[in-house]
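The lines below spell out each chain.
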Amino acid sequence: MDPIKYITVEHGPIQLMLKILGKMNEKIANQEPIEKKDLDDGIIFIREFADACHHGKEETLLFPAMKKNNIKKEVELIDILIEEHKQGRGYVKNLVEAIAKIKSDPTAFRQLFADNSQKYIALLSQHIEKENKILFQEAKSSLSESAIKELAEGFTDVEENKIGLSRIKELHDMVNKLKEAYL
Ligand SMILES: [Fe+2]
Ligand SMILES: [Fe+2]
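Residues numbered from 1 in each chain as written. Chains lettered and ligands numbered in written order. Predicted model: local features only at pLDDT ≥ 70, side-chain atom pairs only at ≥ 80, totals over all residues. Heavy atoms only, no water.

**Quick word on the coordination of the iron ion (ligand 2)**
Around a metal, the idealised angle for a tetrahedral arrangement of four donor atoms is 109.5 degrees; for an octahedral arrangement of six donor atoms it is 90 or 180 degrees. On the protein side, the iron ion (ligand 2) has His11 (NE2), His54 (NE2), Glu58 (OE) and Glu131 (OE) as donor atoms, found 2.0 to 2.2 Å from it. Given 4 donor atoms and angles of 83 to 166° at the metal, the environment of the iron ion (ligand 2) is assigned as irregular. Read from N- to C-terminus, the donor residues coordinating the iron ion (ligand 2) fall into the pattern H-x42-H-x3-E-x72-E. Between the iron ion (ligand 2) and the iron ion (ligand 1), both coordinated by Glu58, there is a metal-metal distance of 3.3 Å. Taken together, the positions of His11 in helix H2 (residues 11–29) and His54 in helix H3 (residues 36–67) put the pair 43 residues apart, joining distant regions of the chain. Exposure class is identical for His11 and His54. Each is buried. (Donors = N, O, S within 2.8 Å, 3.2 Å for Na, K, Ca; no water. Tetrahedral: all angles 85-135°; square planar, octahedral: opposite > 155°, others 65-115°. Helix = DSSP H or I, 4+ residues; strand = E, 2+ residues; numbered from the N terminus. Buried < 20%, exposed > 50% of the residue type's maximum accessible area, 1.4 Å probe, protein only.)

In structure tokens, the structure reads:
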């Protein structure tokens, strides 16, 4: 496994979820009916795949490995990326609060959902661009062969022992099902 290629490819399903979230928001803004379960599944995918599995590997393995080299421009960019992960978690928390109001306060639901989904989509879209175009390119040139090997082992450990391969498959199935319904 080439861990840099692997983590780049993982952005694909996350970008797919951002597109789905945009469509969900369009429907909600137009006051079209929407299944609460679909919104819940979207949140599950974002929290378990985009955040725990993907951002988890970046924060616990890739970023620390790169920081060890102590290259100033890389360290500065990594600190920004970590802040963006945190900011994203805040928007997702607000989305969960919005969804909880779907029946009791539909106006608040629509407003909160629109505001936080738009912010989340904008944040993550530019975040992924920065990683793909800058940080991951830097990783390819600055990480040693042994660091790359360690990274690959660490990624496998997170997936097999922390998230679980069968859960990861379920999460991919979840986003693909939402894709069929919304895109
Ligand atoms: Fe990231
Ligand atoms: Fe990423």
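Let's pick the thread back up.
**A word on the nonpolar core**
Inside soluble globular proteins, nonpolar side chains tend to come together where they are buried. Ranked by size, the top nonpolar core spans 34 residues in total, and within it Ile20, Met24, Leu39, Phe109, Phe113 and Tyr120 carry the most contacts. Only H2, H3, helix H4 (72–100), helix H5 (106–142) and helix H7 (165–182) provide two or more residues apiece to this core. Ranked by residue count, the leading element in this core is H2, at 8 residues. In this structure, Phe63, Leu143, Ala147 and Phe155 belong to the second largest nonpolar core, which totals 16 residues. (Core = buried A, V, L, I, M, F, W, Y, C linked by side-chain atoms within 4.5 Å.)

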